[in-house]
Amino acid sequence: MQMGDRVILHSDINCCYASIEHLHHPELAGKPLAVGGDPEARHGIVLTADYIAKKYGVKTGMALWQAKQVCPDITFVSPRMDLYLRFSRMAHEIYAEYTDRQEPYGIDECWLDVTGSSSLKGDGLLIAQEISRRMKSELGITVSVGVSFNKIFAKLGSDYKKPDAITTMYKSEYKQKAWSLPVADLLYVGKSTNRKLALFGIKTIGDLARADEDVLNSHLGKMGSILWSFANGYDDSPVKLENTHAPIKSVGNSTTTPKDLVCDEDVKIVLYILAESVAARLRENGFRCRVVEISVRDEEPVAYGSLTKEQFNAEIEKGMEDIRAGRVCSADEVEAEMKREFGI
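Residues numbered from 1 in each chain as written. Predicted model: local features only at pLDDT ≥ 70, side-chain atom pairs only at ≥ 80, totals over all residues. Heavy atoms only, no water.

1. Focus on the overall build of the chain
Next up, step 1: Secondary structure summary: the chain contains 15 helices and 12 strands in total.
Next up, step 2: Classification of the 344 residues of the chain by burial places 47% in the buried group.
Next up, step 3: On the chain, roughly 17900 Å² of surface is accessible, and the fraction owed to carbon and sulfur atoms is 50%. (Helix = DSSP H or I, 4+ residues; strand = E, 2+ residues; numbered from the N terminus. Buried < 20%, exposed > 50% of the residue type's maximum accessible area, 1.4 Å probe, protein only. Areas by Shrake-Rupley, 256 points an atom, 1.4 Å probe, with all protein chains shown as cover.)

2. Details of the pattern of salt bridges
Next up, step 1: Per the stated rule, a full pass over the model turns up 12 salt bridges.
Next up, step 2: Among the ionic pairs, Asp159 bridges to Lys155, the shortest N-O distance being 3.6 Å. A residue pair is termed a helical-turn pair when its members lie 3 or 4 positions apart in one helix, as Asp159 and Lys155 do in helix H7 (residues 151–160) at four residues.
Next up, step 3: Through salt bridges with shared partners, a single network forms among Asp12, Glu109, Lys155, Asp159 and Lys162. (Salt bridge = Lys/Arg side-chain N within 4 Å of Asp/Glu carboxyl O.)

3. Let's talk about the confidence of the model for the chain
Next up, step 1: Looking at the chain as a whole, its pLDDT mean stands at 84, while 80% of the residues score no less than 70.
Next up, step 2: Scored below 50 in pLDDT, residues 300–304 makes 11 contacts in the model with residues more than four places away or belonging to other chains.
Next up, step 3: Low confidence marks residues 319–337, where pLDDT is under 50. Its contacts with residues over four positions away, or in another chain, come to 30 contacts. (pLDDT = per-residue confidence, 0-100. Contact = heavy atoms within 4.5 Å.)

4. Points about the sheet that holds strand S2 (residues 33–35)
Next up, step 1: Overall, mixed pairing links the three strands, which are arranged S3-S2-S4 in an open sheet. Unpaired on one side and paired on the other, strand S3 (48–49) and strand S4 (75–77) mark the two borders of the sheet.
Next up, step 2: When S2 meets S4, the two strands line up parallel, connected through three bridges. Residue pairing across strands places Val35 opposite Val77, the latter belonging to S4.
Next up, step 3: Here helix H1 (residues 16–24) sits on the sheet and contacts S2, S3 and S4; the angle it forms with S2, its principal contact strand, is near 120 degrees. (Pairing = 2+ DSSP bridges. Axes fitted to C-alpha atoms, helices over the stretch in contact; angles between N-to-C directions.)

5. Comments concerning the packing of helix H4 (residues 81–95) against helix H6 (residues 124–139)
Helix-helix packing is characterised by the crossing angle of the two axes and by the distance between the axes.
Next up, step 1: Viewed as axis vectors pointing N to C, H4 and H6 meet at an angle of 135 degrees, and their least axial separation amounts to 11 Å. Taken together, the axis directions place H4 and H6 in an arrangement best described as oblique. Crossing of H4 against H6: the hand is right-handed. Of the residues in H6, those touching H4 at Phe87, Met90, Ala91, Ile94 and Tyr95 are Ile131, Arg134, Met135, Glu138 and Leu139.
Next up, step 2: Of the residues assigned to the contact of H4 with H6, the class counts are eight nonpolar, no polar and two charged. (Parallel < 35°, antiparallel > 145°, perpendicular 65-115°, else oblique. Left-handed = near helix turned anticlockwise from the far one by under 90°. Nonpolar A, V, L, I, M, F, W, Y, C, P; charged D, E, K, R; others polar.)

If you want it as structure tokens, here you go:
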């Protein structure tokens, strides 16, 4: 690192849900495991799989029966979000001993600005090594950590090698390490953007960095400049100070599944996970909601449905069968149209 550079870490808990379940199922040590769906009824989708299962070809979003086909010895366990959130909080307690600048990115990932801690705790690499060691010894789980001068390359570093790895992305080396990677590995380059970039022959992060910024803007709008800046290491966005938040007018979460969902049970599992995540954030901020909005999307424009708190409670009592798609559409429509993006 150069003098004056920020020291940013990105910590990512490896196979978070599956790793935590292994701790509570020691009898499954060394055996393939996946979290998701209803194991007893043998339906639903894989939310996450451990590395043993992944070696057999098990992927997030895969139907349980498909996972069983590629990995006959796999064990499925139902998700326990309360347990995963508890481990997430314990991880943040460890992070807090190094910095109060923590910015979560989901339950299992977090950016840490340890610039102010380096004089006491050592450089970024030493801090990353200590965090990695403590996560293993105190929580029994492993993390991959990226060490860099900004958030974008710190995130890229944590993705660079898994599991249980530490990767640096310093100014002196990010071109060598990052520019040869697929452009889809860069944060905020989704499938649609990746397809557009491919039309211009941009396949790697280096291609993006060397591209004409004006051309990118003409085809991607302001996102073109943003991604071009990220690829060239110009990200200077701060890591938010712990327990400080901008005024919150709404709380939500969304996800895009790797494949279209055509089964009610698959949709229900995804909505359960999103609802638990949103509810946890509401509790953390001491909020109560008046309106619940659920979005379901395929390749067509997004469809929304809103319910007041009283209506939502009434629907809860009638059962999940009546609110599978949040009153956006019927279960038959969900099956027929095949949805893959959901939000609450």
